[in-house]
Amino acid sequence: MVTRAAAPDRTAMRWEERVMRAAHPLAYPMLASITRPVLRVPGLGTVVTDAALLRAVLMDTASFAKTGPGSPSELWTPVLGPRVLLNMEGADHLELRRRLAPLFTPAAVSAIVDRTLGEPYASLRERLESGERVELVAEARRCASSVISALVGLPASVVDDRLFRRIATVTGAVRLSRPRMTPAQVRHARGVMAELTGHAAAAWRRGDPETVPGRMRELGLDEQESLGAVGAFVLTGTETLVAYLPRLICLLADTGWLRRLSGDRGHVDAAIAEGLRVTTPSPVMLRSVAREARVGDVVVRPGERIVLATFLADRIAPGFDPIGNPAASLRQLWFGAGAHFCLGAPLAMAQIRGMLTAVLDAEAVRPLAVHSRRAARGVLIPGYRSVVLGGVSEAATA
Ligand code: HEM
């Protein structure tokens, strides 16, 4: 069914709600019902829903860590090893980030995106302009795979649809109520990651400084540690983007902004930021309490878990509003804050701008509509399973 412009925000928000519920049928409604800025939830942890408090937790790495009980390290270290940024703290973490930073400068990011996606974006625009209907989720997946493969030194053919499906069986099994994977889940996850091993080891041995394994080798990290990092980048750098890009295009189509932006690009950056605020692709962050501290009016003790509900903290305004741009006041909270702020954010932004430009250029030539879509069920990162975008048909405009 083609999305029409009537009651645009309501349609957009209804779909957003559906996407979140399909991914997390139990956790989402439970968290979304919390109205207090901080609430201790038995069996889950202390849930933070207020943007200022959430940022304060992220900035205080002495009290709140990504290592320890209930933290991301408990979840991912058994699969990826101990040195993959997202499960590190302190000087080692800082040093590894410093070494990887040159891969994410504006110049490095635009070079990798131009090299890997220049042609696919041009082809996307041409296909849409010619009236072809495009499956956006598959398109986003191909684009994100090409970039991440180049970044971690894998042949593009390795990060294919099959690997994505395999990775989804790992991430899809993660539940907020279970801080650790079961031994069987760990075995399965390690098996999936092992599919990357041979290629990642070759990248490490080549030592190309344009890749993550090459940089890690320069830092003196061994082959094994580098393999974990390759897995971590494939995990963090693909699902979020593959989920966000189709959600953004749907939001723009549902609210009439696809048309507006195609004629006047002045609000493109605000629309991307508002899209990130409304969708918050990485909806929750986790921390473990390292020393007694206070979050709002709740005292938390070492070993307790903090659940940072970023998707709720980002709800500072209803709907999607690139003109008022409430997102601006959140300082990109959807990418985190402080020491663990998303390392791949510049690369994500370059990919988002590139794909949106291709779609807007096509929209300027041939008005587009979302012809069908399906929310993905039981996934870690909420998103669509399928979104078909194509020219508005005669019947739909009549
Ligand atoms: C729309 C897309 C993306 C979103 C919303 C997103 C969101 C986030 C967030 C919220 C964090 C911080 C987590 C925390 O503090 O617990 C993070 C960390 C990270 N992200 Fe992203 N991310 C995106 C895309 C990417 C891409 C494309 C890459 C890689 C190329 C990437 C690589 C990383 C890495 C390596 C970290 C860990 C940084 C550290 O712990 O020091 N992300 N991301």
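Preceding this section is the structure that the text describes.
Keep in mind it's a predicted model, so treat the numbers as computed, not measured.

A.B. asks: Sorry, what's going on with the packing of helix H7 (residues 136-152) against helix H16 (residues 345-365) here?
C.D. replies: Helix packing geometry: the angle between the two helix axes and the distance between the axes. Taken N-terminus to C-terminus, the directions of H7 and H16 make an angle of 140°; their axes are 12 Å apart at the nearest point. At the point where H7 passes H16, the crossing takes the right-handed sense. Mapping the contact onto sequence places Glu139, Ala140, Cys143, Ala144, Val147 and Leu151 in H7 and Leu347, Gln351 and Met355 in H16. Looking at the contact of H7 with H16 residue by residue, the class counts come to seven nonpolar, one polar and one charged.

A.B. asks: Would you mind showing me how to read the pattern of salt bridges here?
C.D. replies: Applying the stated rule across the entire model yields 22 salt bridges. For Glu95, the salt bridge is made with Arg98, and the minimal N-O distance between the two is 3.1 Å. One end of the pair is Glu95 and the other is Arg98, both in helix H5 (residues 90-100) and three residues apart, which spans about a single turn. Owing to a relative accessible area of 53%, Arg98 belongs among the exposed residues under this scheme. Salt bridges here are not isolated pairs; linked through shared partners, they connect Arg127, Glu132, Glu139 and Arg142.

A.B. asks: Even after reading the chapter, I still don't get the sheet that holds strand S2 (residues 45-48), so can you show me in this structure?
C.D. replies: What links the strands of a sheet is backbone hydrogen bonding, and the strands pair in either a parallel or an antiparallel sense. An order of S1-S2-S8-S5-S3 is seen for the five strands of this open sheet, with the pairing classed as mixed. The open sheet terminates on both sides in strands that have one partner only, identified here as strand S1 (38-41) and strand S3 (64-65). Pairing analysis gives three bridges linking S2 to strand S8 (residues 305-308), with the strands arranged parallel. Residue pairing in the sheet places Val47 in a bridge with Val307 of S8.

A.B. asks: Is there a simple way to explain the site of the ligand in this structure?
C.D. replies: Inspection of the region around the ligand gives 27 residues, with Lys66, His93, Arg97, His340 and Cys342 positioned closest. Take Arg287: an N or O atom from its side chain is 2.8 Å from an oxygen atom of the ligand. Here an oxygen atom of the ligand and a side-chain polar atom of His340 are 2.6 Å apart. For the shell around the ligand, the residue count by class is 16 nonpolar, eight polar and three charged.

The rules behind each value
- Throughout, residues of each chain are indexed from 1 in the direction in which the sequence is written.
- Confidence filtering applies because this is a predicted model: local features only for residues at pLDDT of at least 70, side-chain atom pairs given and counted only at 80 or more, and all residues used for totals across whole chains, interfaces and linings.
- In computing side-chain values, all of the structure's heavy atoms are included and hydrogens and water are not.
- To get an axis, a line is fitted to the C-alpha atoms, and for a helix only the part in contact is used. The angle between two axes follows their N-to-C directions and goes from 0 to 180 degrees.
- Helical segments are the DSSP runs of H or I of at least four residues, strand segments are the runs of E of at least two, and each set is numbered from the N terminus.
- The sense of a crossing depends on the near helix, which, turned anticlockwise from the far helix by less than a right angle, makes the crossing left-handed and, turned clockwise, makes it right-handed.
- Throughout, a residue-residue contact means that at least one pair of heavy atoms, one from each residue, lies within 4.5 Å.
- Classification convention: Asp, Glu, Lys, Arg as charged; Ala, Val, Leu, Ile, Met, Phe, Trp, Tyr, Cys, Pro as nonpolar; all other residues, Gly among them, as polar.
- What makes a salt bridge here is a side-chain nitrogen of Lys or Arg within 4 Å of a carboxyl oxygen of Asp or Glu, nothing more.
- Exposure categories follow from relative accessible area, calculated using a 1.4 Å probe and restricted to protein chains: below 20% of the type maximum is buried, above 50% is exposed, and the middle band is partly exposed.
- Pairing between strands is defined by DSSP: at least two bridges between the two strands are required.
- The nearness test applies per residue and asks whether one of its heavy atoms lies within 4 Å of the molecule or strand.
- By the criterion applied in these results, polar contacts are pairs of N or O atoms within 3.5 Å in which, for protein atoms, one can donate a hydrogen and the other can accept it, and in which residues neighboring in sequence qualify only through two side-chain atoms.

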